[in-house]
Structures are given as structure tokens and as C-alpha cells.
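Listed below, chain by chain, are the residues.
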Amino acid sequence: MVDTEKFKGIMIALYAAYDDEGNVDPARVRKLARHYANKGVKGLYVGGSSGEGMLQTAAERKVVLEAVMEEVGGELTVIAHVGAASTRESVELAKHAEAAGADAISAVPAIYYRLSPASVERHWQEMIDSTSLPFIIYHIPQTTGFHLSADLLTRMAAQDKVIGVKISSESTYELQQFKAIGGPDFLVLNGPDEQYLAGRSIGADGGIGGTYGVMPELFLKLESCYREGRMEEAKAWQFKINEIIKNLLSFPSLYGACKAVLKLQGVECGEPRLPLLPVPQADLGRIALLQKQIHEYTGEALASAQV
Ligand SMILES: CC(=O)N[C@H](C=O)[C@@H](O)[C@H](O)[C@H](O)CO
Ligand SMILES: CC(=O)C(=O)O
């Protein structure tokens with residue numbers, strides 16, 4: 001049995017870090033990973049949507065994961081997203097993740113092709129069989145077009161190595177059903193950051209999110225309020241978080257906005273890779289205002305933690 005405790009809590013979906021020419025920059029990756037380790041988060045999800053894994057070559061993805069492991073391996077839980085268009089490349093990345101020392105692998109079902117459940121099952125199975133690492137399914141139907149059925153989840157969850165699912169669909173009912181299928185020891189990790197508290201309340205063990213990275217303190221605060229049963233306070237933090245998310249989503253790309261905010265927080269990780277758009281010059285004033293708001297809320301969260 002895999003000990004799943006280390007996967008429960010706030011897991012940051014790590015942004016890609018590039019140099020000023022747009023090349024993967026291991027020094028910046030390490031700095032970003034360190035930034036989060038110092039904030040006390042549980043772990044990092046590397047090479048997923050936020051990590052732009054699908055926009056990078058396999059060689060680049062390996063460099064990123066190695067940099068993360070060198071910096072925070074053994075200190076934070078590291079989940080390597082190894083999903084790629086072909087099973088062959090996914091397996092190559094899975095084996096690399098094991099050699100690099102990652103705590104688990106994870107993969108989306110499909111990239112580009114509309115796949116049948118049998119196809120996806122085979123795809124995931126090849127990755128699972130290629131290493132001894134635990135596997136976390138990544139269910140994100142709005143980008144992959146693949147809807148994980150109760151039937152397929154039941155078969156997957158029956159395997160010891162399949163320890164959980166990250167669910168990014170917006171249905172909290174589906175989240176609860178996934179938990180019911182997997183059972184109490186099966187991890188369910190919340191995807192939509194806007195409803196972290198709802199996901200948590202209905203059965204999620206924690207979450208992996210793309211906006212946690214610009215406001216980790218707020219998610220840590222929300223999580224601790226939830227754990228301590230202070231639901232009204234937790235709700236108030238979720239609402240503050242949602243003001244920020246709504247604002248982040250008003251820019252040409254979420255990741256461009258997140259990286260521009262992070263830069264103002266002192267962590268440079270370049271612009272996202274096209275076709276993900278950077279923040280236009282004309283919008284930088286709005287980014288500064290957004291960072292000011294995050295800074296204020298973070299200050300409140302930290303102050304109340306000391307009481
Ligand atoms: C669809 C999508 O990318 N979902 C992400 C992870 O699951 C979330 O972290 C969102 O980025 C976030 O909730 C903002 O909408
Ligand atoms: C958002 C998320 O979890 C990801 O970057 O894959």
C-alpha cells in the first residue's frame with residue numbers, strides 16, 4: 001500500500017520557467033520550486049497544464065523535472081505529469097520520472113486525438129506498467145475531450161499503483177462519485193481552484209491548482225480553516241481567492257497573467273510559450289493592481305495565522 005498522506009493538501013501546479021529567449025531555464029525552475037518550498041506547501045505538480053508540458057519537448061521536460069528534484073526532492077512531494085501525445089513518449093517520460101526520484105506520475109488521457117476508452121486504458125496502463133511509481137489519473141475533460149467513465153475509473157482504481165485522480169471537471173457531484181468509486185483510501189484531488197472549498201467539503205483530499213502559485217498563502221489559509229472546521233472563515237477566503245482568479249482570467253492567457261504577477265513577487269520565469277499569450281504592455285498596470293490585491297490578502301492571511 002502506498003502512503004497517500006504526502007499527497008494530501010495544497011499541491012502547486014508549477015509554472016514553466018524560461019529564460020528571456022524562451023528556453024527552459026533550470027536555474028529559474030529551481031528558484032521557483034524553492035519559492036514554494038519556503039511557503040510550506042505540500043508538493044508540486046510538474047509539467048501539467050500550468051507547466052506547459054504539452055508545449056515542450058521530452059528532453060526539455062526531463063530537464064525541468066531534474067531541476068525540481070535537485071532543488072526540492074525529498075522536501076516536497078513531486079508529481080511528474082508525463083502525459084504526451086504518444087504512449088511511447090509518455091512511457092519514456094514515466095521511466096525518466098522514476099529515475100529522477102519523483103514521488104508519483106500522472107497523465108491526461110489524450111492530446112489531440114479523440115480516443116476511445118479502450119485506447120486511453122491501454123495508454124495509461126503502459127505508463128503504469130513501465131515503473132513502480134504510483135499513478136494519479138488527470139481528468140480534465142474540458143481540454144482533452146475525454147470523459148472518464150465510472151466504468152473505466154473502477155477498473156483503474158482497482159490497481160494498487162493507481163492511487164488517485166485529479167479532477168478538473170467542474171462537477172462536485174462527479175468528484176463525490178469518484179471518491180465513492182475509489183473508496184476512502186483513494187485520493188481525489190480538486191482541480192477547479194474556484195471551488196476548492198466545495199470540492200474539499202464533498203470529499204477531495206486536497207487540490208492541485210494552476211492559480212495556487214500566485215497566492216499560495218491564501219490556499220494554505222483556506223485549507224487550514226477547513227481542517228479546523230472554521231467554515232465561515234474558509235468561505236470568506238475562497239471568495240477572496242475567487243476575486244483574484246476572476247481577475248487573472250480576464251487577461252489574454254491565465255499563465256501569462258500568473259507569470260507577470262509572479263515577476264512582481266520577485267520570481268522571474270519568463271513569458272509563457274506561444275500560442276499562450278503574454279500580458280500586453282498596456283495591461284501591465286492592471287497586473288500591478290492585481291498584485292497589490294494579492295499582497296493585501298496575503299498580509300491578512302499571515303497576520304491572522306499568528307493570532
Ligand atoms: C481547466 C484547468 O486548467 N483547470 C486547472 C486545474 O485543474 C485549474 O487550476 C484552473 O486553472 C483554475 O481553476 C482557474 O480556472
Ligand atoms: C492546473 C493543473 O493542475 C495543471 O497545471 O495541470
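Residues numbered from 1 in each chain as written. Chains lettered and ligands numbered in written order. Predicted model: local features only at pLDDT ≥ 70, side-chain atom pairs only at ≥ 80, totals over all residues. Heavy atoms only, no water.

The chain is annotated in an unreviewed UniProt entry as Dihydrodipicolinate synthase family protein of Paenibacillus chibensis. The UniProt entry for the chain carries this comment under Sequence similarities (unreviewed entry): "Belongs to the DapA family." (UniProt positions renumbered as here; feature names shortened; annotations may be inferred.)

Two packed helices can be described by the angle between their axes and the distance between those axes. Contact geometry for helix H4 (residues 117-130) and helix H6 (residues 150-157): axes closest at 11 Å, N-to-C directions at 20°. Classified by the angle between their axes, H4 and H6 sit roughly parallel to one another. Pair H4 / H6 crosses with right-handed handedness. Here Pro117, Val120, Glu121, Trp124 and Ile128 of H4 come into contact with H6, specifically with Leu152, Arg155 and Met156. Grouping the amino acids of the contact of H4 with H6 by side-chain chemistry returns 6 nonpolar, no polar and 2 charged. (Axes fitted to C-alpha atoms, helices over the stretch in contact; angles between N-to-C directions. Helix = DSSP H or I, 4+ residues; strand = E, 2+ residues; numbered from the N terminus. Parallel < 35°, antiparallel > 145°, perpendicular 65-115°, else oblique. Left-handed = near helix turned anticlockwise from the far one by under 90°. Contact = heavy atoms within 4.5 Å. Nonpolar A, V, L, I, M, F, W, Y, C, P; charged D, E, K, R; others polar.)

In the vicinity of ligand 1 lie 14 residues, with Lys166, Ser168, Asp193, Glu194 and Gly210 positioned nearest. With respect to ligand 1, the side chain of glutamate 194 contributes an N or O atom lying 2.6 Å from an oxygen atom. Between ligand 1 and the protein, one listed contact pairs an oxygen atom with a backbone N or O atom of glycine 210 at 2.8 Å. Within the complex, the protein chains bury 84% of what would otherwise be the 390 Å² of accessible surface of ligand 1. Given that more than half its atoms are within 2 Å of the pocket grid, ligand 1 belongs to the largest pocket. (Near = heavy atom within 4 Å. Polar contact = N/O pair within 3.5 Å; in protein donor to acceptor, adjacent residues only side chain to side chain. Areas by Shrake-Rupley, 256 points an atom, 1.4 Å probe, with all protein chains shown as cover. 1 Å grid on protein atoms, 1.4 Å probe; cavity = no way out; pocket = protein on both sides within 12 Å on 5 of 7 lines; lining within 4 Å. Sits in = over half its atoms within 2 Å of the grid points.)

Quick look at the packing of aromatic side chains now. Taken as a whole and assessed by the stated rule, the structure comprises 6 aromatic pairs. Measuring from ring centre to ring centre gives 5.7 Å for tyrosine 45 and tyrosine 138, while their planes differ by 90°; the resulting arrangement is edge-to-face. Taken together, the residues span a long stretch of sequence, with tyrosine 45 in strand E2 (residues 43-46) and tyrosine 138 in strand E5 (residues 135-139) at a distance of 93 residues. Tyrosine 138 matches tyrosine 45 in its accessibility class, with the two residues each being buried. Following the ring pairs from residue to residue traces out a cluster consisting of Tyr196, Tyr212 and Phe219. When the ring centre of tryptophan 237 is taken as reference, the NZ or CZ atom of lysine 240 above it lies at 4.6 Å. One residue, arginine 286, lies across the ring of phenylalanine 251, its end atom 4.0 Å from the ring centre. (Phe/Tyr/Trp six-rings, centres within 6.5 Å; stacked < 30°, edge-to-face > 60°. Buried < 20%, exposed > 50% of the residue type's maximum accessible area, 1.4 Å probe, protein only. Lys NZ or Arg CZ within 6 Å of the ring centre and 35° of its normal.)

Within helix H11 (residues 254-264), 9 of the 11 residues are buried, leaving the element largely enclosed by the surrounding structure. Backbone geometry just after H11 places glycine 266 at a positive phi near 95°.

The space that makes up the largest pocket amounts to roughly 790 Å³. Lining the largest pocket we find 35 residues, and of these Ser49, Tyr138, Ile140, Thr143 and Tyr255 sit closest to its centre. Going through the elements one at a time, helix H5 (141-144), strand E8 (206-209) and H11 are the ones with two or more residues in the lining of the largest pocket. Among the elements that line the lining of the largest pocket, the one with the most residues is H5, at 3 residues. Across the lining of the largest pocket, the residue classes tally to 17 nonpolar, 13 polar and 5 charged. The computed volume of the second largest pocket comes to approximately 330 Å³. Taken together, 18 residues form the lining of the second largest pocket, with Lys263, Glu268, Gly270, Glu271 and Pro278 sitting closest to its centre. Listing elements by their share of the lining of the second largest pocket, those giving two or more residues are H11 and helix H12 (284-306). Here the lining of the second largest pocket gets 5 residues from one element, more than from any other, and that element is H11. (Points joined across faces, edges and corners; volume = space filled by probe spheres on them.)

The next thing to look at is the pattern of salt bridges. Here the structure, examined in full by the defined rule, presents 25 salt bridges. A salt bridge links glutamate 92 to lysine 62, with the nearest nitrogen and oxygen atoms 2.7 Å apart. Within this pair, whereas glutamate 92 is found in helix H3 (residues 87-100), its partner lysine 62 is found in helix H2 (residues 58-72), the two being separated by 30 residues in sequence. Look at glutamate 92 and you get partly exposed, because its relative accessible area is 38%. With a shortest N-O distance of 3.7 Å, lysine 235 and glutamate 232 are connected by a salt bridge. One end of the pair is lysine 235 and the other is glutamate 232, both in helix H10 (residues 231-248) and 3 residues apart, which spans about a single turn. When salt bridges that share partners are traced, they join Arg30, Arg34, Glu70, Glu71 and Glu75 into one network. (Salt bridge = Lys/Arg side-chain N within 4 Å of Asp/Glu carboxyl O.)

A word on the site of ligand 2. Lining the immediate environment of ligand 2, one finds Ala13, Tyr45, Gly48, Ser49, Ser50, Tyr138, Lys166, Ile208, Gly209 and Gly210. For ligand 2, an oxygen atom lies 2.7 Å from a polar atom in the backbone of serine 50. Side-chain polar atom of lysine 166 to an oxygen atom of ligand 2: 2.9 Å apart, as the coordinates give it. Summarising the interface, the protein chains cover 93% of the accessible area of ligand 2, which totals 220 Å² for the free molecule. Of the pockets mapped on this structure, ligand 2 occupies the largest pocket. By residue class, the composition of the shell around ligand 2 is 4 nonpolar, 5 polar and 1 charged.

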